[in-house]
Amino acid sequence: MLGFRTQMPWSSGQASAQEQLCEGTAAVVAARQGMETPLKEVAVAFEDLARGMDADGGELRLAPFGDTCALVSVLFSSLGMAFRFAEIEYVTKVNDLIGAGKSYRTLSDILDKDIENDSVKKQGSHSRNLRRVRLGLGLIKALFEQFLTTEGCSLYDAATTAYGQVCAPFHSWAIRKAVGAGMYTLPSREQLIVRLNETDYSVQKEMRRYIDASSPIIEYIDNLFLSRNISLDW
């Protein structure tokens, strides 16, 4: 759904790649365990990440970024089969960044290295995977914004509009058609609230927290590319 293709995490060899993939997957699974109120916990994690970025003088460290993004996979999971493909592909890209966090300190470091190697947009590069993870964060943010726009807004309407805004511009007609068909399998608004273990009141509060907390992170990532004269239309 996000336009990803499965790639192995960065490594100097096949054995290392397999090891990092296992470690990355384990990190995602561990992050999701015991999340009684996943929406709230994801929002809190992004608030912590933003505070850490401020404390580091505006730099965003890769390791905590990867750990925080791992939590978002549970939000994709709560949307059911319609977002199952997006969830799998999102986790694959997060796995890569978790593995890269052992070799690179900040998001700037991986982008600068890929610029040096002329591999920013190459399939499987850390920078390309960062771009795709950012789209995943933006898709959830846009979905929540639509969900909160109108009282009683259906999840189908919210997800369809969010997808059209964030991902559809980068997809072929065939992919857009397949995604549109999948939207009919989304849970109802009430089912989503139950899956997130929230109430109608609390889900609105926590969605706004995620929107507010993720916005500076998304903006920071966009500016990383733009400040290096790399467009965002890919």
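Our structure's up above, just so we're on the same page.
In this text the structure is predicted, and so the values were computed from the model without any measurement.

Caption draft 1: The overall build of the protein, seen in detail. Across its full length, the protein holds 10 helices and 0 strands. If you list the helices and strands of the protein from N to C, you get α-α-α-α-α-α-α-α-α-α. Sequence separation of at least 24 residues holds for 76% of the intrachain contacts in the protein that already meet a minimum separation of 6. As presented, the protein carries roughly 10600 Å² of accessible surface, and 51% of it is formed by carbon and sulfur atoms.

Caption draft 2: Representation of the environment of Leu224 in the model. You can see Leu224 is positioned in helix H10 (residues 200-226). The exposure class assigned to Leu224 is buried, which follows from its relative accessible area of 6%. Here the alpha-carbon distance between Leu224 and Leu107, two residues 117 residues apart in the chain, equals 8.3 Å. Contact partners of Leu224, with chain neighbours within four places excluded, come to Leu107, Ser108 and Leu111.

Caption draft 3: Representation of the packing of aromatic side chains within the structure. Under the defined criterion, the tally for this structure stands at 6 aromatic pairs. For the ring pair Phe46 and Tyr210, a centre distance of 5.5 Å and an interplane angle of 85° mean the geometry is edge-to-face. Here Phe46 is found in helix H2 (residues 38-55), whereas its partner Tyr210 is found in helix H10, with 164 residues between them in sequence. Using a relative accessible area of 0% as the deciding quantity, one classes Phe46 as buried. Ring geometry for Phe144 against Tyr210: centres 5.5 Å apart, planes inclined by 80°, an arrangement best described as edge-to-face. Taken as a pair, Phe144 in helix H6 (residues 126-149) and Tyr210 in helix H10 lie far apart in primary sequence, 66 residues in all. When sorted by exposure, Phe144 lands in the same class as Tyr210, which is buried. Joined through ring pairs, the aromatic side chains of Phe46, Phe144 and Tyr210 make up one cluster. Sitting above the plane of the Phe147 ring, Arg189 keeps its charged end 4.0 Å from the centroid.

Caption draft 4: Structural context of the side chain of Ser78. Within the secondary structure, Ser78 is located in helix H3 (residues 62-78). Engagement of the side chain of Ser78 in a polar contact is seen with the backbone oxygen of Leu75, the distance being 2.6 Å. Leave out the neighbours within four places in its chain, and Ser78 touches Pro187, Leu192, Arg195 and Leu196.

Caption draft 5: Spatial organisation of the packing of H6 against helix H7 (residues 155-166). At a minimum axis separation of 8 Å, H6 and H7 run at an interaxial angle of 140°. For the element pair H6 / H7, the angle class is oblique. The crossing of H6 and H7 is right-handed. Packed against H6, whose contacting residues are Leu135, Gly138, Leu139, Ala142, Leu143, Gln146 and Phe147, the element H7 presents Leu155, Ala158, Ala159, Thr161, Ala162, Tyr163, Gln165 and Val166 at the interface. By residue class, the composition of the contact of H6 with H7 is 11 nonpolar, 4 polar and no charged.

Caption draft 6: Local environment of the pattern of salt bridges. Across all of its chains, the model carries 11 salt bridges by this definition. Across the pair Asp112 and Arg228 runs a salt bridge whose closest N-O atoms are separated by 2.7 Å. Here Asp112, found in helix H5 (residues 107-116), pairs with Arg228, found in the segment after H10; they are 116 residues apart in sequence, far enough to count as distant. Take Arg228: its relative accessible area is 24%, and that puts it in the partly exposed class. For the salt bridge of Glu116 with Lys113, the shortest nitrogen-to-oxygen distance reads 3.8 Å. Of this pair, Glu116 and Lys113 both sit in helix H5, 3 residues apart, roughly one helical turn.

Caption draft 7: Examining unusual backbone geometry more closely. A positive phi angle, close to 55°, is found at Asp118, a residue other than glycine. For Asp118, the position within the fold is in the loop between H5 and H6. A positive phi angle, close to 60°, is found at Asn229, a residue other than glycine. Inspection of the secondary structure puts Asn229 in the segment after H10.

Cut-off values and rules
- For every chain, the first residue of the written sequence is number 1, and numbering continues from 1 along that sequence.
- Reporting of local features is limited, given that this is a predicted model, to residues whose pLDDT is at least 70; pairs of side-chain atoms are given and counted only at 80 or more, and all residues count toward the totals for whole chains, interfaces and linings.
- Water and hydrogen atoms play no part in the side-chain values, which are based on all heavy atoms of the structure.
- Comment: elements are numbered from the N terminus, with helices defined as DSSP H or I runs of at least four residues and strands as E runs of at least two.
- In this analysis, two residues are considered to be in contact whenever any of their non-hydrogen atoms come within 4.5 Å of each other.
- Under the convention used here, a 1.4 Å probe and the Shrake-Rupley method define accessible areas, while residue burial counts only the protein chains that appear.
- For every residue, the accessible area (1.4 Å probe, protein chains only) is compared with the maximum for its type, and the residue is labelled buried under 20%, exposed over 50%, or partly exposed between those bounds.
- Any two rings among Phe, Tyr and Trp, with Trp reduced to its six-membered ring, count as a pair given centres within 6.5 Å; such a pair is stacked if its planes are under 30 degrees apart, edge-to-face if over 60, and tilted if neither.
- Lysine NZ or arginine CZ positioned within 6 Å of the ring centre and within 35 degrees of the ring normal marks a charge as sitting over the ring.
- Nitrogen and oxygen atoms within 3.5 Å of one another constitute a polar contact, given that in protein one can donate a hydrogen and the other can accept it, and given that sequence-neighbouring residues count only through two side-chain atoms.
- Lines fitted to C-alpha atoms define the axes, with helix axes restricted to the stretch in contact, and inter-axis angles between N-to-C directions lie between 0 and 180 degrees.
- With respect to orientation, any angle under 35 degrees is reported as roughly parallel, any angle over 145 as roughly antiparallel, any angle of 65 to 115 as roughly perpendicular, and every other angle as oblique.
- Note on convention: near helix rotated counterclockwise from far helix by under a right angle means a left-handed crossing. Clockwise means right-handed.
- Any residue that is not Ala, Val, Leu, Ile, Met, Phe, Trp, Tyr, Cys, Pro, Asp, Glu, Lys or Arg is counted as polar, Gly included; the first ten are nonpolar and the last four charged.
- The term salt bridge refers to a side-chain nitrogen of Lys or Arg lying within 4 Å of a carboxyl oxygen of Asp or Glu.

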